Amino acid sequence: MFVSPLYDLEEKIGANFGEFAGWQMPMSFSGYIEEHMAVRTGVAYFNLSHMGRLRIKGNLKELETLIAKEISSAKSGEMIGPTAFLNDKGGFLDDVMAYKISSDECLIVTNAVNREKIIKWIISNSSLDVEDLTFKYIMIAIQGRKIEDILGKIELKPLEFKINTKFLNYDVFLVSRSGWTGENGLEIWATVEIGKQLVSDLLKLGIKPAGLIARDSLRQEMGFVLYGEDINENTTPIEARYWVFSLNKDFIGKDAIIEQLKNGISKIRIGFKMKKGERIIPRHSSKIFSVGNEVGYVTSSIYSPYLNRVIGMGYINPKYFFLGYNLSVDIRGKHYDIKIDEFPFI
Amino acid sequence: MSEIKVGKYIVLTDRLYTETDEWVKIEGDIAIVGITDYAQKKLRDIVGIELPQIQKEVKAGEPVGVVESVKAAADIFSPLSGIIIEVNQALVEHPETINKDPYGNGWIFKLKITDPNEKEKLLSPEKYIDKIKGG
């Protein structure tokens, strides 16, 4: 099991640790509801040091055929993402963020669970040079509606990034204006030593620590997917309604996507809300019904602290995809109404 | 009442415990029941509860309700046989009270005990400490 370099520091400030994708990571500190609301109404930081971070060097035209969005047309200093590596059936090998440094250099952030798979995939399908930076730098996200009240005006535009730059007077490897919470925010990569000092400073500034459960509830409110829960190698971007590709170029999986766009799909991702006051949570794989007929399954669900109700997502037969329509979900043998709703939920 | 700390978990000495992590405080022929500090910490944030049915006659070890947490749904088992006489309705609106105060305001239900001999089968605080140390 991998342990984040911030473990000791986070243990001291009350982290409740749990296993995530082979890493011992802080799941929560004061409780995910408080941490979630800190992002929606203030600022919090997340330790994301478990996420895979790769530096790709070489002719990026080779990467272009492996990744679903256009790299060559992007400007240096811009993030291309989210995008994805797909298999030849159009299924997600991983959904990733890509950062274009120059015409022959790019950074990629993978899901922790897919890091090794993606390294192998790139190496076996190209002559690109792949350097794994995951253990060289920590990664944190600072996210929240009031980030500029605490850290001052952010000069970067959304999805812009800088490398080898300064942040709070520290030399850091990367600062990007990005995140996975739907709020204003930054993501930072820094050496372990600087990372520890940086986190201590953030805490002193009153920025709350937040764990992976709050990250999960925040992304669900936005309708963002989580690899392994909502997408996998048997789910395509069309089925997931996850627009991570460009049809203006060739890439592995494109034919399968075009085939689905021509002939239709057999499952589609939906968002749903449960009734207000219903504090019952469907779990991954809970079955979804339409007037007694099984039509799909749940992939993620959580109590939304912002909406004060249970929300979720799953896949159903597209024939039953009517916005606002009530389906039901089976939880421990009882059926509860769920209403199909559009993303984001808030 | 005194409390014993076992790592990051608290065990109170004025009550008895179950193998399934409920606590029981017995006052005459009434048992007050909740889940332990260990249980709530293992479950993490509690976001919902299905309370037991009032007036229902239950047997020791029978599932009577459900605690919904971000991690899992966990059954609440009745530690003793008896009749459910009261439930903590405030938890429906504020299930997180179980996280904040598992032994106090986070109590879940009260039971009128029908077989006092079953108390012998419950775990003493010392035995419960041994159990959570092991797990």
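Since the model is a prediction, treat every value here as computed from it, not as a measurement.

Asks: Sorry, what's going on with the overall build of chain B here?
Replies: Tallying secondary structure elements over chain B gives four helices and eleven strands in all. Relative to the compact-globule value of 14 Å for 135 residues, chain B shows a C-alpha radius of gyration of 14 Å, a close match. If you line up chain B on its principal axes, its C-alpha atoms span 35 × 35 × 25 Å. Looking at the 135 residues of chain B, the share that counts as buried comes to 50%. Accessible area of chain B: about 6400 Å², with a carbon and sulfur share of 49%.

Asks: In this structure, what is going on with the interface of chain A and chain B? I would like to understand it.
Replies: Interface size is commonly expressed as the accessible surface area that is lost when the partners come together. The partner chain B presents 18 residues to the 17 residues of chain A that form the contact. Taken together, both faces of the contact between chain A and chain B bury some 1300 Å²; the carbon and sulfur share is 46%. The three residues of chain A that bury the most area against chain B are A:R279, A:R283 and A:R332, which together make up 45% of that side's buried surface. The interface formed by chain A and chain B includes three salt bridges. The salt bridge partner of A:R332 is B:E50, with a shortest N-O separation of 3.0 Å. Our count for the chain A to chain B interface comes out at eleven residue pairs in polar contact (both at pLDDT 80 or more). For the side of chain A that touches chain B, the secondary-structure elements that each account for two or more residues are β2 (16–20), β3 (23–28), α2 (32–41) and β17 (293–304) of chain A. Among the elements that line the side of chain A that touches chain B, the one with the most residues is β2(A), at three residues. In terms of residue class, the side of chain A that touches chain B is made up of ten nonpolar, four polar and three charged.

Asks: Would you explain the sheet that holds strand β8 (residues 63–69) of chain B in this entry?
Replies: The strands making up a sheet associate through backbone hydrogen bonding, with each pair oriented either parallel or antiparallel. All names here are of chain B. In spatial order, the strands read β6-β8-β9; together these three strands make up an open sheet with antiparallel pairing. The outermost strands of the open sheet, each flanked by one partner alone, are β6 (46–50) and β9 (73–77). Taken over all neighbouring pairs, the strand axes of this sheet differ in orientation by 25° on average, direction set aside. As paired strands, β8 and β9 are joined by five bridges and run antiparallel to one another. Among the inter-strand pairings, V67 is bridged to a residue of β9, identified as A74.

Asks: What exactly am I supposed to notice about helix α4 (residues 125–134) of chain B here?
Replies: One turn of an α-helix holds 3.6 residues; hence residues three or four places apart share an orientation. Residues and elements named next belong to chain B. Inspection of α4 places P125, Y128, I129 and I132 among the buried residues, and these make up the whole buried set. The arc that holds the buried residues of α4, viewed along the axis, is 105°, so those residues lie on one side. Turned more than 90 degrees away from the buried face of α4, the exposed residues are K127, D130, K133 and G134. Summarising the contacts, the buried residues of α4 are in contact with β1 (3–6), β2 (9–12), β3 (16–17) and α1 (37–43).

Asks: Can you help me understand the environment of A:S217 in this one?
Replies: All names here are of chain A. Looking at the secondary structure, you find S217 in helix α7 (residues 212–222). In this structure the C-alpha to C-alpha distance between S217 and D250, which are 33 residues apart in sequence, comes to 35 Å. Apart from residues lying up to four places away in sequence, S217 is in contact with Y32, H36 and I302. Here A214 takes part through its backbone oxygen, which lies 3.0 Å from a polar atom of the side chain of S217.

Asks: What is the right way to read the UniProt feature "binding site: substrate" (unreviewed entry) in chain A from this model?
Replies: All names here are of chain A. As recorded in UniProt, the sites labelled "binding site: substrate" (unreviewed entry) are E187. Turning to its location among the elements, E187 is positioned in strand β13 (residues 185–191). Not counting the four nearest positions on each side in its chain, E187 is found in contact with L48, Y99, M139, I140, A141, L174, V175, S176, S178 and G179.

Asks: Help me out: how do you make sense of unusual backbone geometry in this one?
Replies: Peptide bonds are, in most cases, trans, and in most cases residues other than glycine have a negative phi. Residue and element names in this part refer to chain A. Following G81, the chain continues to P82 via a peptide bond in cis, the omega torsion being 0°. Tracing the chain through its elements places P82 in strand β6 (residues 78–86). Cis peptide bonds are those with omega within 30 degrees of zero, and the linkage from F343 to P344 qualifies with -10°. Tracing the backbone through its elements, the reader meets P344 in the segment after β20 (334–341). If you check the backbone angles, V291 has positive phi at about 35° while not being a glycine. Here V291 shows up in the loop between β16 (287–290) and β17.

Asks: I'm lost on the environment of A:C106 in this one. Help?
Replies: Residues and elements named next belong to chain A. Positionally, C106 belongs in strand β8 (residues 105–110). Residues C106 and K57 lie 49 residues apart in sequence; the distance between their C-alpha atoms is 6.6 Å. If we skip the residues at most four places from it in the chain, C106 touches L54, R55, I56, L60, L63, A98, Y99 and I101.

Calculation notes
Residues numbered from 1 in each chain as written. Chains lettered and ligands numbered in written order. Predicted model: local features only at pLDDT ≥ 70, side-chain atom pairs only at ≥ 80, totals over all residues. Heavy atoms only, no water. Helix = DSSP H or I, 4+ residues; strand = E, 2+ residues; numbered from the N terminus. Rg over C-alpha atoms; globule rule 2.2 N^0.38 Å. Buried < 20%, exposed > 50% of the residue type's maximum accessible area, 1.4 Å probe, protein only. Areas by Shrake-Rupley, 256 points an atom, 1.4 Å probe, with all protein chains shown as cover. Contact = heavy atoms within 4.5 Å. Buried area = accessible area lost by both parts, 1.4 Å probe. Salt bridge = Lys/Arg side-chain N within 4 Å of Asp/Glu carboxyl O. Polar contact = N/O pair within 3.5 Å; in protein donor to acceptor, adjacent residues only side chain to side chain. Nonpolar A, V, L, I, M, F, W, Y, C, P; charged D, E, K, R; others polar. Pairing = 2+ DSSP bridges. Axes fitted to C-alpha atoms, helices over the stretch in contact; angles between N-to-C directions. Arc of directions from axis to C-beta. UniProt positions renumbered as here; feature names shortened; annotations may be inferred.

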